[in-house]
Amino acid sequence: MSSRELLEIDPLELKFPFELKKQISCSIQLTNKSDDYVGFKVKTTSPKKYCVRPNAGIVQPRSTCDVIVTMQAQREAPPDMQCKDKFLLQSVVVNQGVTVKDMTQEMFAKESGNVVDEVKLRVLYVSPPQPPSPVPEGSDEDSSPRPSVSDNGNSNASELLAATRAYAEDIQQGKSSENLTLISRLTEDKNTAIQQNNKLQQELELVRREVSKQQGGFSFLFVVIIALLGIFLGCVLKK
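Rules used in this analysis
Residues numbered from 1 in each chain as written. Predicted model: local features only at pLDDT ≥ 70, side-chain atom pairs only at ≥ 80, totals over all residues. Heavy atoms only, no water. Helix = DSSP H or I, 4+ residues; strand = E, 2+ residues; numbered from the N terminus. Buried < 20%, exposed > 50% of the residue type's maximum accessible area, 1.4 Å probe, protein only. Contact = heavy atoms within 4.5 Å. Areas by Shrake-Rupley, 256 points an atom, 1.4 Å probe, with all protein chains shown as cover. Pairing = 2+ DSSP bridges. Salt bridge = Lys/Arg side-chain N within 4 Å of Asp/Glu carboxyl O. Core = buried A, V, L, I, M, F, W, Y, C linked by side-chain atoms within 4.5 Å. Axes fitted to C-alpha atoms, helices over the stretch in contact; angles between N-to-C directions. Polar contact = N/O pair within 3.5 Å; in protein donor to acceptor, adjacent residues only side chain to side chain.

## Observations concerning the overall build of the chain
Helix and strand content of the chain: two helices and nine strands. Moving toward the C terminus, one meets the helices and strands of the chain in the order β-β-β-β-β-β-β-β-β-α-α. Across the 239 residues that make up the chain, the buried fraction comes to 23%. Expressed as a percentage of contacts within the chain between residues at least 6 apart in sequence, the contacts between residues at least 24 apart total 69%. Carbon together with sulfur atoms contributes 52% to the accessible area of the chain, which is approximately 18,000 Å² in total.

Right, dumping it as structure tokens:
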């Protein structure tokens, strides 16, 4: 800050994260490091586009004042995101006891011989912060995101990791129980099929013995019975 600057202004560039159809605000901090009372006024080249609160005031000695600049919602984005708007902050030394209502235009006029400090502020449009990217649906279970651990959040991360492991164990136990039930049912079905197969084999053997005792005229009937039993046995084994 030079010797003639009455107020320290931060920042000197007003950065607005531009978004269509949305009001956007940024703040300016004015710091008075002197022992004088300093009055200020904020002007802009686009008064209908911006709202400044407060647009005038008095900063007491060794104190600060915050000014909020709000850009009205815009329907169109400027070409190449370039903005030509500017702000002018004027400041003068005022007497103790002077209020904002007491300040006049003549107090900020250099033509009247007053010492007026003027600082120009640029306006910049920046990209709005991007939301975190979602986790892809097709990602593997082993590549699932792990909770980040900050310097002051180790205990919370440990609790989350323990809960995740317990949940995984519960799922694994549930799957094991389902697998055991499925294996038991399949084993029971297999044993039943084997018993039915053995029974059919015994009946088939009896039929063969009976047919062998008969004369040759029953050979065709024997073939038919054998074919039917074979078809039925094949169906049972497929199940």
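So much for the structure itself; the text now carries on.
## Regarding the pairing of strand E8 (residues 86-94)
Both strand E4 (residues 37-44) and E8 contribute to a ladder of eight bridges, which runs antiparallel. Counterpart to Lys 43 in the pairing with E8 is Leu 88. Here E8 runs beside strand E9 (residues 117-126); their pairing, made up of six bridges, is antiparallel. When the bridges of E9 are listed, Phe 87 appears paired with Leu 121.

## With respect to the pattern of salt bridges
Applying the stated criterion across every chain, the model contains six salt bridges. Across the salt bridge formed by Asp 85 and Lys 49, the nearest N and O atoms sit 2.9 Å from each other. Remark: Lys 49 occurs in the loop between E4 and strand E5 (50-53) and Asp 85 occurs in the loop between strand E7 (63-71) and E8; sequence separation between them is 36 residues. Comparing Asp 85 with Lys 49 shows no difference in burial state: the two are buried.

## Focus on the nonpolar core
Formed by 26 residues in total, the largest nonpolar core has its most connected members in Phe 16, Phe 40, Tyr 50, Val 69 and Phe 87. Elements supplying a minimum of two residues to this core: strand E2 (13-17), strand E3 (24-32), E4, E5, E7, E8 and E9. The next biggest cluster of nonpolar side chains, apart from the first, holds six residues, and it includes Ala 56, Val 92, Met 103 and Phe 108.

## Remarks on unusual backbone geometry
A cis amide bond links Asp 10 to the next residue, Pro 11, at an omega of 0°. As for its position among the elements, Pro 11 is in the loop between strand E1 (8-10) and E2. A cis amide bond, omega -10°, links Arg 53 with the succeeding residue Pro 54. Looking at the element boundaries, Pro 54 is found in the loop between E5 and strand E6 (56-59). With a phi angle near 55°, Lys 21 is a residue other than glycine that sits in the positive phi range. Positionally, Lys 21 belongs in the loop between E2 and E3. Lys 21 sits in the exposed class, given a relative accessible area of 68%. Positive phi is not limited to glycine here, since Arg 62 has a value of about 55°.

## Topic: the sheet that holds E3
Read from one edge of the open sheet, four strands run E1-E3-E7-E5, paired in antiparallel fashion. The open sheet terminates on both sides in strands that have one partner only, identified here as E1 and E5. Taking the axes of each pair of neighbouring strands and ignoring which way they run, one obtains an average angle of 20° across the sheet. In this sheet, E3 lies alongside E1 in antiparallel orientation, the contact comprising three bridges. Bridge pairing links Ile 9 to Leu 30 in E3.

## Remarks on the side chain of Asp 117
The topology assignment puts Asp 117 in strand E9. At 3.0 Å, the side chain of Asp 117 and the backbone nitrogen of Leu 6 are in polar contact.

## Some details on the environment of Lys 120
Tracing the backbone through its elements, the reader meets Lys 120 in strand E9. Along the backbone, Lys 120 and Leu 12 are 108 residues apart, and their C-alpha atoms lie at a distance of 7.7 Å. Here Lys 120 is in contact with Leu 12, Phe 87 and Leu 88, once residues within four sequence places are set aside.

By themselves, these figures tell us nothing about what the structure is for.
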